[in-house]
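Survey of secondary and tertiary structure
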Amino acid sequence: MKKQNTFIVAAAVTAAVIAAFWLILAAPGYTGNEINMTRGVTSQSVINYQLHMIILWICVIIGVIVFSAMFVSIVLHRKSKGHEAAQFTHSTKAEIVWTVIPVLILIGMAIPATTALINMEVAPETEMTIKITGFQWRWKYEYIEDEIQFISSLDSNSNAARRLASGTDPEDVDHYLREVDKPLVLPTETKIKFLITADDVIHSWWVPALGWKRDAVPGFINEAWTEIMEPGVYRGQCAELCGKDHGFMPIVLNVLPHKEYDAWVNEQKQLMAHEQANVDRLWSRDELMELGENVYATQCATCHQADGLGLAPAFPALAGSEVSKGPIGVNIDVVLHGRDGTAMQAWGNMLSETDIAAALTYTRNAFGNETGDVIQPQTIARIKNG
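Residues numbered from 1 in each chain as written. Predicted model: local features only at pLDDT ≥ 70, side-chain atom pairs only at ≥ 80, totals over all residues. Heavy atoms only, no water.

**Brief notes about unusual backbone geometry**
Convention followed: Per the convention used, a helix needs a DSSP run of H or I reaching at least four residues, while a strand needs a run of E reaching at least two, with both numbered from the N terminus. The cut-offs for exposure are 20% and 50% of the maximum accessible area for each residue type, with area from a 1.4 Å probe on protein chains only; residues under the lower value are buried, those over the upper are exposed, and the others partly exposed.
Omega for the bond connecting glutamine 136 with tryptophan 137 falls within 30 degrees of zero, at 0°, which places this linkage in the cis form. Tracing the chain through its elements places tryptophan 137 in the loop between strand E1 (128-135) and strand E2 (138-143). Phi is positive for glutamate 189, close to 50°, though the residue is something other than glycine. Along the polypeptide, glutamate 189 turns up in the loop between strand E4 (184-187) and strand E5 (191-198). Glutamate 189 sits in the partly exposed class, given a relative accessible area of 48%.

**Structural notes on the confidence of the model for the chain**
Worth spelling out the cut-off: Residue-level confidence of the predictor is summarised by pLDDT, bounded by 0 at the bottom and 100 at the top.
With 91% of its residues at a pLDDT of 70 or more, the chain shows a mean pLDDT of 86. Highest mean pLDDT in the chain belongs to E4 (97); lowest belongs to helix H1 (residues 2-25) (63).

**Let's talk about the pattern of salt bridges**
This is how it is decided: What makes a salt bridge here is a side-chain nitrogen of Lys or Arg within 4 Å of a carboxyl oxygen of Asp or Glu, nothing more.
Summed over all chains, the structure comprises nine salt bridges. Among the salt bridges present, the one from arginine 162 reaches aspartate 245, with a minimum N-O distance of 3.7 Å. Residue arginine 162 is located in the loop between helix H4 (156-161) and E4, and its partner aspartate 245 is located in the loop between strand E9 (232-238) and strand E10 (250-256); the two are separated by 83 residues in the primary sequence. You can call arginine 162 buried: its relative accessible area is 17%. In this structure, the salt-bridge partner of aspartate 245 is lysine 244, at a minimum N-O distance of 2.8 Å.

**Thoughts on helix H8 (residues 353-363)**
Residues spaced three or four apart along an α-helix face the same direction, because each turn holds 3.6 residues. Filter applied, for reference: Two residues qualify as a contact provided that any one of their heavy atoms is within 4.5 Å of a heavy atom in the partner residue.
Across the 11 residues that make up H8, a large majority, 10, are buried. Inspection of H8 places Glu353, Thr354, Ile356, Ala357, Ala358, Ala359, Leu360, Thr361, Tyr362 and Thr363 among the buried residues, and these make up the whole buried set. Buried residues belonging to H8 abut helix H5 (258-280), helix H6 (285-304), helix H7 (328-337) and helix H9 (377-384).

**Let's talk about the side chain of asparagine 159**
The condition that has to hold: By the criterion applied in these results, polar contacts are pairs of N or O atoms within 3.5 Å in which, for protein atoms, one can donate a hydrogen and the other can accept it, and in which residues neighboring in sequence qualify only through two side-chain atoms.
Within the secondary structure layout, asparagine 159 lies in helix H4. For asparagine 159, a relative accessible area of 3% puts it in the buried group. Of note is the side chain of asparagine 159, whose polar atom sits 2.8 Å from the side chain of arginine 162. Sequence-distant contacts of asparagine 159, defined by excluding residues within four places in its chain, comprise Leu154, Ala297 and Thr302.

**Things to note about the sheet that holds E4**
In plain terms, the rule: Pairing between strands is defined by DSSP: at least two bridges between the two strands are required. Between the N-to-C directions of two axes lies an angle of 0 to 180 degrees, each axis being a line fitted to C-alpha atoms and, for a helix, fitted only over the stretch in contact.
Taken together, five strands build an open sheet; the order of strands is E4-E10-E9-E6-E7 and the sheet is mixed. Looking at the sheet topology across the chains shown, the edges are occupied by E4 and strand E7 (212-216). Neighbour to neighbour, the strand axes of the sheet diverge by 25° on average, direction disregarded. Where strand E6 (residues 203-207) meets E9, two bridges bridge the pair, whose relative direction is antiparallel. Bridged to tryptophan 205 within E9 is cysteine 238. The sheet strands contacting H5 are E4 and E10, and the helix crosses E4 at an angle near 135°.

**Considerations on the packing of H8 against H9**
Basically, it comes down to this: For any pair of crossing helices, the crossing counts as left-handed if the nearer helix is rotated counterclockwise from the farther one by less than a right angle, and right-handed if it is rotated clockwise. Under the scheme applied here, ten amino acids are nonpolar (Ala, Val, Leu, Ile, Met, Phe, Trp, Tyr, Cys and Pro), four are charged (Asp, Glu, Lys and Arg), and all others, including Gly, are polar.
Packing of H8 against H9 brings their axes to within 8 Å, and their N-to-C directions diverge by 115°. In this structure, H8 meets H9 at a crossing whose hand is right-handed. Touching Glu353, Thr354, Ile356, Ala357 and Leu360 of H8 are Pro377, Ile380, Ala381 and Lys384, all from H9. Its residues assigned to classes, the contact of H8 with H9 comprises six nonpolar, one polar and two charged.

**Remarks on the state of the cysteines**
Rule in force here: Criterion for a disulfide: a pair of cysteine sulfur atoms at a distance within 2.5 Å.
Within the structure shown, the criterion is met by zero disulfides. Left unpaired, cysteine 238 is separated from the closest cysteine sulfur, that of cysteine 242, by 3.9 Å.

**Some points on the pairing of E9**
As paired elements, E9 and E10 share six bridges and run antiparallel to each other. Among the inter-strand pairings, glycine 232 is bridged to a residue of E10, identified as valine 255.

**Some thoughts on the pairing of E10**
Of all seven residues in E10, six are buried, a share of seventy percent or more. Alignment of E4 against E10, held across four bridges, turns out to be parallel. Within E10, the residue paired with leucine 184 across the bridge is leucine 253.

**Thoughts on the nonpolar core**
We apply this condition: The set of buried Ala, Val, Leu, Ile, Met, Phe, Trp, Tyr and Cys residues whose side-chain atoms join them within 4.5 Å is what this entry labels a nonpolar core.
Counting residues in each nonpolar core, the largest one holds 39 residues, and the members touching the most others are Tyr143, Phe194, Trp205 and Leu253. Ignoring any residue separated from it by four or fewer positions in sequence, one finds tryptophan 205 in contact with Ile132, Trp139, Tyr141, Leu184, Phe194, Ile196, Leu210, Trp212, Lys213, Arg214, Ile251 and Leu253. By size, the runner-up hydrophobic cluster in this structure holds 15 residues, among which are Val335, Trp347, Met350 and Ile375.

**Things to note about H9**
For the record, the criterion: As used here, the arc is the angular range of directions from the helix axis to the C-beta atoms.
Three or more residues of H9 are buried, namely Pro377, Ile380 and Ala381. Down the axis of H9, the smallest arc covering the buried residues is 100°, so these residues share one side. The elements touched by buried residues of H9 are H5, H7 and H8. The first or second residue beyond H9 is glycine 386, which carries a positive phi of 80°.

**Some thoughts on the sheet that holds strand E3 (residues 148-152)**
In spatial order, the strands read E3-E2-E1-E5-E8; together these five strands make up an open sheet with mixed pairing. One side of each edge strand has no neighbouring strand; the edge strands of this open sheet are E3 and strand E8 (222-227). The sheet shows a mean angle of 20° between the axes of neighbouring strands, taken without regard to direction. For E1 and E5, the ladder comprises seven bridges, and the chain directions are parallel. Among the inter-strand pairings, isoleucine 132 is bridged to a residue of E5, identified as isoleucine 196.

Right, dumping it as structure tokens:
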């Protein structure tokens, strides 16, 4: 009779706990993201979420049964009620049962887990390919089929607000440290392959809504794929400690329906044609200074600071710099190819000829340098082309 009561109480406790979970899940307005992992918007993230829920409920049921039996036994079979501990050393039957049952449970868990991993690692026939390259501290995106490429950096508002004594309150900046100047634009319901690498140190490209992340390793290409089912804006960040400004390397995806995405592609191709026209024409000093100030703020100020004073010794000052005030050819070579033994990156394959010419013109005439030099995009193009 006592054994029956023990099992009845254990079953009642188990049922009560399970009922409490179901009440939480059925609560009005509950989406699952409040106390659970997010569902995501890709086929892989759905598989991940379903796997998570299967394993979660198996663990919940095991935990409820084990702890219910344990606490009920503690309460109903305590010494103060006259119970005495059984005197035995082992039970072969019990040992077989508590070995076989966990093994069967683990096999049951392994089947959906293996399916999820295979789906994540083995890409299907994809419809487009994007190469992602990580730099300190920005991302370069290349659309292989459409020959579109651009650099995505922390947006200027966040970049300004993050600086001490900037006068900008971070709370006044929308999506502070999670916004970029140029998001990665993708189409919905399209199987996309990603080729992920890095140019300097190890980064990690991570957008939680996609359901996976991949390390970006210099000299090595990691592959991943996705199919995003819902249009929208999805945010992520570099998930690898990649340097002092690691926290300022966000990722933003702008996922569009096919018609809108096709329109965006056509717009980008027109911009690329316009960029070639910009290289061919002569720019005025004022035009280059205006564009150069913007390029410096988004690409250069992260290291050299908004006032050009830098952060010695890793990031030297540009104000009064021997490079910025010295021979133009040396200055151009440093910007295009970087400088060995320093944190200076090679920008030749990252920025357009126009942006590089504008940035050089600006830095050679700002921060008190005032060299009077004007560098044309044509000059940069000729040097890059040998």
